[in-house]
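# Residue-level structure breakdown
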Amino acid sequence: MSSRYFHWKMNLCIILIILVFLVPFYIGYFIVSNIWLLHKQQLLFSCLLWLTFMYFFWKLGEPFPILSPKHGILSIEQLISRVGVIGVTLMALLSGFGAVNCPYTYMSYFLRNVTDTDIMALERRLLQTMDMIVSKKKRMAVARRTMFLKGEVHNKPSGFWEMIKSVTTSASGSENLMQIQQEVDSLEELSRQLFLETADLHATKERIEYSKTFKGKYFNFLGYFFSIYCVWKIFMATINIVFDRVGKTDPVTRGIEITVNYLGIQFDVKFWSQHISFILVGIIIVTSIRGLLITLTKFFYAISSSKSSNVIVLLLAQIMGMYFVSSVLLIRMSMPLEYRTIITEVLGELQFNFYHRWFDVIFLVSALSSMLFLYLAHKQAPEKHMAP
């Protein structure tokens, strides 16, 4: 027990040193290194950025009741509490979006009814738009060539009346070219929208075909399961917020107790709940971290460049570290009581109930916002362009 406690404490201290001191400093260092005006004073400006981070990081803990008054300013609880606020907020945002987006993605109920006729009609509109763009660009090229051959570009007119005539004709030709160019710009924007809508219809058609397979039906079933879970989670988060309630028993033990009492069978609840809880906690950790990595990788891949690659990798490490610390804070409630006390001793006397309430509040806001966003996106789907 003492060895386990020592290694828990040591690993936690190392993670906090990396998250609060090392990674933020190197993020500032690489940001400054990309600004050539600051190369001569690179170390100085890196320290200034780190001090700025530390100021806002420390001020972050003031509005929240996350610490016991007896903790000193240099205690480990000071760092864990602030890292936990950021990590729990990130977890709640991702969980709220995932709880809504997962059923929306998996369930075939939300798929639009797309046929080959709809796709062909939209592709025909796209081809017609492209033909109009080519035709108008040809007109512009012919007009420019005509103006060039008539000497409106290079030859200067002689005489007063010829000069007036040249200016009038040139102005008229320029106005026509400008009008055609505006029409071409509008058609090109329309062609881009039609192309994206065509690609979206093709993707939807593929999803419809995939939903008819065995694997698609399996994911459709998962979608219904997660939709029930999403409703239950939102309902429980609302109850916890309204009644200021935090669970005292981990969900696995509570579920087994209800099942055993309902069925009236002999069952060692304490023994099996301990093993099932650890398996469930492991699954939660693996799946949540995998989902976080996939989401962040897509985001960072979209914004990365040769100069920002080091900063992006360090930001990913910072987010992952905070995510891990906050996972320990929240998963503590999913463990049996005797193992929950070990984590409590390692993390210190934090206001654990605050983190669970904070998670519920952010989760509820994120889930409801995601519902509204997906509803508007589903309503504005390109069905209006499918008519021939």
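About the cut-offs
- Residues numbered from 1 in each chain as written.
- Predicted model: local features only at pLDDT ≥ 70, side-chain atom pairs only at ≥ 80, totals over all residues.
- Heavy atoms only, no water.
- UniProt positions renumbered as here; feature names shortened; annotations may be inferred.
- Helix = DSSP H or I, 4+ residues; strand = E, 2+ residues; numbered from the N terminus.
- Phe/Tyr/Trp six-rings, centres within 6.5 Å; stacked < 30°, edge-to-face > 60°.
- Buried < 20%, exposed > 50% of the residue type's maximum accessible area, 1.4 Å probe, protein only.
- Lys NZ or Arg CZ within 6 Å of the ring centre and 35° of its normal.
- Axes fitted to C-alpha atoms, helices over the stretch in contact; angles between N-to-C directions.
- Left-handed = near helix turned anticlockwise from the far one by under 90°.
- Contact = heavy atoms within 4.5 Å.
- Nonpolar A, V, L, I, M, F, W, Y, C, P; charged D, E, K, R; others polar.
- Patch = residues over 30% accessible without salt bridge, like charges linked within 9 Å, V, L, I, M, F, W, Y side chains within 5 Å.
- Areas by Shrake-Rupley, 256 points an atom, 1.4 Å probe, with all protein chains shown as cover.
- Salt bridge = Lys/Arg side-chain N within 4 Å of Asp/Glu carboxyl O.
- Polar contact = N/O pair within 3.5 Å; in protein donor to acceptor, adjacent residues only side chain to side chain.
- Core = buried A, V, L, I, M, F, W, Y, C linked by side-chain atoms within 4.5 Å.
- Domains from an automatic or database assignment.
- Parallel < 35°, antiparallel > 145°, perpendicular 65-115°, else oblique.
- Expected span 1.5 Å × (residues − 1).
- Arc of directions from axis to C-beta.

## A closer look at the UniProt feature "transmembrane region" (unreviewed entry) in the protein chain
Annotation from UniProt places "transmembrane region" (unreviewed entry) at residues 6–31, 43–60, 80–102, 221–243, 276–301, 313–335 and 355–376. For residues 43–60, the end-to-end C-alpha separation is 26 Å, with 94% helix and 0% strand making up the annotated structure. Along residues 80–102 one finds 100% helix and 0% strand; the C-alpha atoms at either end are 31 Å apart.

## Considering the environment of alanine 199
Tracing the chain through its elements places alanine 199 in helix α5 (residues 160–211). Between the C-alpha atom of alanine 199 and that of glutamate 123, which follows or precedes it by 76 residues, the distance is 9.8 Å.

## Here's the deal with the packing of aromatic side chains
Evaluated as defined, the whole model comprises nine aromatic pairs. Measuring from centroid to centroid gives 5.6 Å for phenylalanine 53 and phenylalanine 57, while their planes differ by 20°, and the two rings are stacked. One end of the pair, phenylalanine 53, and the other, phenylalanine 57, are both in helix α2 (residues 42–59), four residues apart, so they sit about a helical turn from each other. Judged by relative accessible area, which is 3%, phenylalanine 57 ranks as buried. Their ring planes at 65° and their centres at 5.4 Å tell us that phenylalanine 354 and tyrosine 355 sit as a pair that is edge-to-face. In this structure, phenylalanine 354 and tyrosine 355 share a single accessibility class: buried. Taken together through their ring pairs, the aromatic side chains of Phe25, Tyr26, Tyr29 and Phe30 make up a single cluster. Across from the ring centre of tryptophan 58, 4.3 Å away, lies the NZ or CZ of arginine 82, which sits over that ring.

## Quick notes on the packing of helix α1 (residues 2–33) against helix α3 (residues 76–106)
In the contact formed by α1 and α3, the axes pass within 11 Å of each other and the chain directions differ by 65°. For the pair α1 and α3, the sense of crossing is left-handed. Every residue of α3 that contacts α1 at Lys9, Leu12, Cys13, Leu16, Leu19, Val20 and Phe21 is listed here: Ile76, Leu79, Ile80 and Val83. For the contact of α1 with α3, the class distribution of residues is ten nonpolar, no polar and one charged.

## Overview of the side chain of threonine 198
You can see threonine 198 is positioned in helix α5. In this structure threonine 198 touches Leu122, Glu123 and Leu126, once residues within four positions along its chain are discounted.

## With respect to a nonpolar patch on the surface
Among the surface-exposed residues, Phe6, Met10, Ile14, Ile17, Ile18, Phe21, Leu22 and Tyr26 lie close enough to one another that they form a single nonpolar patch of about 710 Å² accessible area. With respect to the secondary-structure elements, phenylalanine 21 resides in helix α1. Since its relative accessible area comes to 34%, phenylalanine 21 is described here as partly exposed.

## Re the side chain of glutamine 42
Turning to its location among the elements, glutamine 42 is positioned in helix α2. Taking the relative accessible area as the measure of exposure, glutamine 42 reaches 15% and is therefore buried. One polar contact links glutamine 42 to tyrosine 29, side chain to side chain, over a distance of 3.5 Å. With near-sequence residues (within four places) excluded, glutamine 42 lies in contact with Tyr29, Val32 and Ser33.

## Brief notes about the pattern of salt bridges
Inspection of every chain in the model, using the stated rule, returns five salt bridges. Between aspartate 116 and lysine 205 there is a salt bridge whose closest N-O contact spans 3.8 Å. Here the residue aspartate 116 occupies a position in helix α4 (residues 116–149), and lysine 205 occupies one in helix α5, the gap between them amounting to 89 residues. A salt bridge links lysine 205 to glutamate 209; the shortest N-O distance between them is 3.1 Å. Here the residue lysine 205 and the residue glutamate 209 both occupy positions in helix α5, the gap between them amounting to four residues, near one helical turn. Judged by its relative accessible area of 18%, lysine 205 is buried. Three or more residues joined by partner-sharing salt bridges are found here, namely Asp116, Lys205 and Glu209.

## Some details on the nonpolar core
In this structure, Ile80, Val83, Leu347 and Tyr355 are the most contacted members of the largest nonpolar core, which totals 38 residues. It is α3 that provides the largest number of residues to this core, a total of ten residues. Inspection of this core shows a minimum of three residues originating in each of domain 1 (1–63) and domain 2 (75–111 + 216–380). Contacts of isoleucine 80, omitting those with residues within four sequence positions, involve Leu12, Leu16, Val325, Leu347, Leu350 and Tyr355.

## A closer look at the packing of α1 against α2
Running from amino to carboxyl end, α1 crosses α2 at an angle of 135°, the nearest separation of the two axes being 8 Å. When the interaxial angle is binned, α1 and α2 end up oblique. Two packed elements cross with a definite hand, and for α1 against α2 that hand is right-handed. Each of Val20, Phe21, Pro24, Phe25, Gly28, Tyr29, Val32 and Ser33 in α1 lies in contact with α2, whose residues at this interface are Gln42, Leu43, Phe45, Ser46, Cys47, Leu49, Trp50, Phe53, Met54 and Phe57. Per-class residue counts for the contact of α1 with α2 are 14 nonpolar, four polar and no charged.

## Let's talk about α2
Side chains of residues three or four places apart in an α-helix project in the same direction, reflecting 3.6 residues per turn. With 18 residues, α2 extends 26 Å from end C-alpha to end C-alpha; this agrees with the ideal 26 Å at 1.5 Å per step. Residues Gln42, Ser46, Met54 and Phe57 constitute the buried set of α2. Angularly, the buried residues of α2 cover 105° about the axis, an arc narrow enough to put them on a single face. In this fold, the buried residues of α2 make contact with α1 and α3.

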